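What follows is each chain in one-letter form.
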Amino acid sequence: MTEQNTLTVRDNRTGEEYEIPITDGTVRATDLGQIGRAEGTPGLAVYDPGFTNTASTRSAVTYIDGDKGILEYRGYPIEQLAEKSTYLEVAYLLIHGELPTKEQHEQWVHDITFHTFVHENLKSFMQGFRYDAHPMSMLMSSVSALSSFYPEASRIKDPEVRHEQIVRLIAKMPTLGAWSFRHAQGKPYVYPDNDLSYPENFLSMLFKMSEQKYDPDPRLAKALDVLFILHADHEQNCSTNAVRSVGSSQVDPYSSVTAGIAALYGPLHGGANEAVLRMLKRIGKKENIPAFIEGVKNGDEKLMGFGHRVYKNYDPRATIIKKACDDVFEVTGVNPLLEIAQELERIALEDDYFVSRKLYPNVDFYSGLIYEALQFPPEMFTVLFAIPRTSGWLAQWLELVDDKEQKIARPKQIYTGDRQLTYVPQSERWA
Ligand code: SDX
């Protein structure tokens, strides 16, 4: 490698040569824009559907090495955080960029705990949904409605105001998620219990019935907290890209996070965990796996929970979740679908169709088995993804707001439609 960090590009249409600087392994698309401009063309642009090879931002929040299966939040390996930290401490780390002191942690936990309540008008709003509304639809709508309760949130340049909204969103997501769940079950909404920890309070709002005080199983609360840590952030994934794109218009954080929830809802993204459970149930028994695999190869099926845009190795989160299965099943009993999932994984990891495409289990492949064992219906699985991802989305949104390089997201296109047609009035067209 020479020390020259430039690209010499020759435009064979004109014979012109251009020196393009290489910075951090990228060339700036705007530098390519000079190519051809002198000759009266609009200048070269980059065409990259789905942004498969395009960096949209600089970020210090999360580092992923897809080939090595590495995931770090603010430089800390996910394995260490999952084993030794808590979700609220990880949320602090993502948002503030460093681990909290004792005092900072106590203040953070206090602030989050005392913002878990939601305005009674929002509760009435949620009760207006059909009895069988999908919890993700309710969550997306109620987070969007939150922006109407805090109009000051539009003051995105004010650090105090930003912090207040970040605390509110992290605090209220479990409440809104749990109420969406209770609504679908036709059960009364349970108010937050501020004596409980973040995961314990979530379990209480989900499962408390007539008992005076919900008594959460600490093993299940711990497993949920680890799952929250694993789902907290993942650099520029589809939903984070949505949060940043919408946030680039300088709208309030509730509206930006709503865009993230909408993107996460899709079966190719956060909705995959729900799709995995439906897939495993559809396969039904190990004997049906070979036929299903054939269906995948013929393009009639997709092996949900497998594959990743970045990981071309085992998703490190899947490894940890697989271990967490054992802890949860100790309490709940083994999920019978685990055997099908393990056999599916064994076959896929040996089959050239998957190996050649570097398709490995991702975060969604095993998480649904735990959620089902915890008595969550599949419709709730993506809600369980959105709740912890809120801290990651907000950490990324904060970076966006303060990033001097960022502008409103407005990509180019390659136009393929008609041009300069003559309009024929309806009277003539329909005569
Ligand atoms: C998440 O980006 C993130 O970080 C996301 C996430 C996060 O934390 O935010 O990690 C969370 O979304 C995890 C992914 C969950 N989605 C699924 O499990 C759905 C199943 N997976 C695929 O749809 C797919 O793998 C994606 C969407 C995850 C990635 O798609 P890419 O990068 O666009 O890859 P591709 O679709 O171009 O696939 C490359 C090849 C294709 O085959 P060919 O056209 O070359 O013949 O692999 C095939 C695909 O058909 N392929 C699959 C497959 N995934 C890819 N074939 C069968 N089953 C699959 N799951």
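Residues numbered from 1 in each chain as written. Predicted model: local features only at pLDDT ≥ 70, side-chain atom pairs only at ≥ 80, totals over all residues. Heavy atoms only, no water.

Q: In this structure, what is going on with the site of the ligand? I would like to understand it.
A: Around the ligand there are 22 residues in total, and His234, His308, Arg309, Arg317 and Arg389 lie nearest to it. At 2.8 Å, a side-chain N or O of His269 approaches an oxygen atom of the ligand. Within the side chain of Arg357, a nitrogen or oxygen atom sits 3.2 Å from an oxygen atom of the ligand. Considering the ligand on its own, with 1,000 Å² of exposed area, one finds that the protein chains cover 72% of that surface. Class assignment of the residues belonging to the shell around the ligand gives a composition of nine nonpolar, seven polar and six charged. Built from parts of two domains, the shell around the ligand gets at least three residues from each of domain 1 (71-270 + 376-402) and domain 2 (286-373). (Near = heavy atom within 4 Å. Polar contact = N/O pair within 3.5 Å; in protein donor to acceptor, adjacent residues only side chain to side chain. Areas by Shrake-Rupley, 256 points an atom, 1.4 Å probe, with all protein chains shown as cover. Nonpolar A, V, L, I, M, F, W, Y, C, P; charged D, E, K, R; others polar. Domains from an automatic or database assignment.)

Q: In this structure, what is going on with the nonpolar core? I would like to understand it.
A: Counting 118 residues, the largest nonpolar core has Tyr73, Trp108, Ile170, Met279 and Leu344 as its most contacted members. Ranked by the residues each element gives to this core, the list is headed by helix α18 (residues 381-402), at 13 residues. Counting residues domain by domain, this core receives three or more from each of domain 1 (71-270 + 376-402) and domain 2 (286-373). Residue contacts for Ile170: discarding those within four places in its chain leaves Leu88, Ala91, Ile95, Trp108, Ile112, Tyr198, Thr390, Ser391 and Leu394. (Core = buried A, V, L, I, M, F, W, Y, C linked by side-chain atoms within 4.5 Å. Buried < 20%, exposed > 50% of the residue type's maximum accessible area, 1.4 Å probe, protein only. Helix = DSSP H or I, 4+ residues; strand = E, 2+ residues; numbered from the N terminus. Contact = heavy atoms within 4.5 Å.)

Q: So what exactly am I meant to see when it comes to the packing of helix α14 (residues 316-332) against helix α17 (residues 363-373) here?
A: Two numbers describe a pair of packed helices, the interaxial angle and the distance between the axes. Two elements in contact, α14 and α17, have axes separated by 8 Å at closest approach and are oriented at 15 degrees. Between α14 and α17, the angle falls in the class roughly parallel. For the pair α14 and α17, the crossing hand works out as left-handed. Residues Arg317, Ala318, Ile321, Lys322, Ala324, Cys325, Val328, Phe329 and Thr332 of α14 form the contact with α17, whose participating residues are Val363, Tyr366, Ser367, Leu369, Ile370 and Ala373. For the contact of α14 with α17, the per-class residue count stands at 11 nonpolar, two polar and two charged. (Axes fitted to C-alpha atoms, helices over the stretch in contact; angles between N-to-C directions. Parallel < 35°, antiparallel > 145°, perpendicular 65-115°, else oblique. Left-handed = near helix turned anticlockwise from the far one by under 90°.)

Q: For this particular structure, what's the right way to read the domain arrangement of the protein?
A: Quite often, the size of an interface is put as the accessible area lost when its parts meet. Taken domain by domain, the protein comprises domain 1 (71-270 + 376-402) and domain 2 (286-373). Here the C-alpha centroids of domain 1 and domain 2 sit 26 Å apart. Contacts between the two partners involve 22 residues from domain 1, matched on the other side by 19 residues from domain 2. Both sides together, the interface formed by domain 1 and domain 2 hides about 1,800 Å², and carbon and sulfur atoms give 73% of it. Summed over the three residues of domain 1 that lose the most area to domain 2, namely Leu227, Leu230 and His234, the buried surface amounts to 27% of that side. (Buried area = accessible area lost by both parts, 1.4 Å probe.)

Q: Would you take a moment to explain the pairing of strand β3 (residues 62-65) for this structure?
A: Side-chain positions along a regular strand alternate between the two faces of the sheet. Pairing of β3 with strand β4 (residues 70-73) involves four bridges; the strand directions are antiparallel. Looking across to β4, one finds that Thr62 is bridged to Tyr73. Here β3 folds back onto β4, and the loop between the two strands holds four residues, one of which, Gly69, carries a positive phi near 65 degrees. (Pairing = 2+ DSSP bridges.)

Q: Explain the sheet that holds β3 here, please?
A: The strands making up a sheet associate through hydrogen bonds between their backbones, and the pairing can be parallel or antiparallel. On the basis of which strands lie adjacent, the open sheet formed by three strands has the order β3-β4-β5 and antiparallel pairing. With partners counted over all chains shown, the strands left at the sheet margins are β3 and β5 (76-77), one partner each.

Q: Teacher, can you tell me more about the packing of aromatic side chains here?
A: The geometry of an aromatic ring pair comes down to the distance between the two centres and the angle between the two planes. Inspection of the entire model under this criterion finds 19 aromatic pairs. Here Phe117 and Tyr191 contribute two aromatic rings whose centre-to-centre distance is 5.7 Å and whose plane-to-plane angle is 10 degrees, an arrangement assigned as stacked. A residue pair is termed long-range when its members are at least 10 positions apart, and Phe117 in the loop between α4 (102-113) and α5 (120-127) and Tyr191 in the loop between α7 (159-185) and α8 (198-207) qualify at 74 residues. Ring centres 5.7 Å apart and planes at 85 degrees place the aromatic pair Phe125 and Phe129 in the edge-to-face group. For Phe125, a relative accessible area of 36% translates into the label partly exposed. Stacked on the ring of Tyr353, the Lys or Arg Arg357 has its end atom at 3.8 Å from the ring centre. (Phe/Tyr/Trp six-rings, centres within 6.5 Å; stacked < 30°, edge-to-face > 60°. Lys NZ or Arg CZ within 6 Å of the ring centre and 35° of its normal.)

Q: Is there a simple way to explain the environment of Ser180 in this structure?
A: Turning to its location among the elements, Ser180 is positioned in helix α7. Sequence separation between Ser180 and Ala55 is 125 residues, and the spatial gap between their C-alpha atoms is 36 Å. With sequence-adjacent residues up to four places away left out, Ser180 is seen in contact with Met126, Pro135, Met138 and Leu139.

Q: Explain unusual backbone geometry to me, please; I cannot follow it from the model alone.
A: With the exception of glycine, most residues fall at negative phi, and the peptide bonds are largely trans. Despite not being glycine, Phe51 shows a phi value in the positive range, around 50 degrees. Looking at where Phe51 falls in the secondary structure, it is placed in the loop between α1 (29-32) and β3. Of note in the backbone geometry, Arg74 takes a positive phi value of approximately 50 degrees without being a glycine. Relative to the helices and strands, Arg74 is located in the loop between β4 and β5.

Q: Can you walk me through helix α3 (residues 87-96) in this structure?
A: Since the α-helix turns once every 3.6 residues, residues separated by three or four places project in the same direction. When you tally the buried positions in α3, you get eight out of 10 residues, the bulk of the element. The complete set of buried residues in α3 reads Tyr87, Leu88, Val90, Ala91, Tyr92, Leu93, Leu94 and Ile95. One or two positions beyond α3, positive phi appears at Gly97, with a value near 90 degrees.

Q: Explanation requested: the pattern of salt bridges in the structure shown.
A: Close approach of charged atoms allows side chains with opposite charge to pair. Considering all chains together, one arrives at 25 salt bridges under this definition. The partner of Arg162 in a salt bridge is Asp402, and the shortest N-O contact between them spans 3.3 Å. Taken as a pair, Arg162 in helix α7 and Asp402 in helix α18 lie far apart in primary sequence, 240 residues in all. A relative accessible area of 8% means that Arg162 is categorised as buried. For Lys322, the salt bridge identified is with Glu345, shortest N-O distance 3.2 Å. Here Lys322 is found in helix α14, whereas its partner Glu345 is found in helix α15 (residues 337-348), with 23 residues between them in sequence. Lys322 sits in the partly exposed class, given a relative accessible area of 28%. A network of salt bridges, in which partner residues are shared, links Asp24, Arg28, Arg58 and Glu405. (Salt bridge = Lys/Arg side-chain N within 4 Å of Asp/Glu carboxyl O.)

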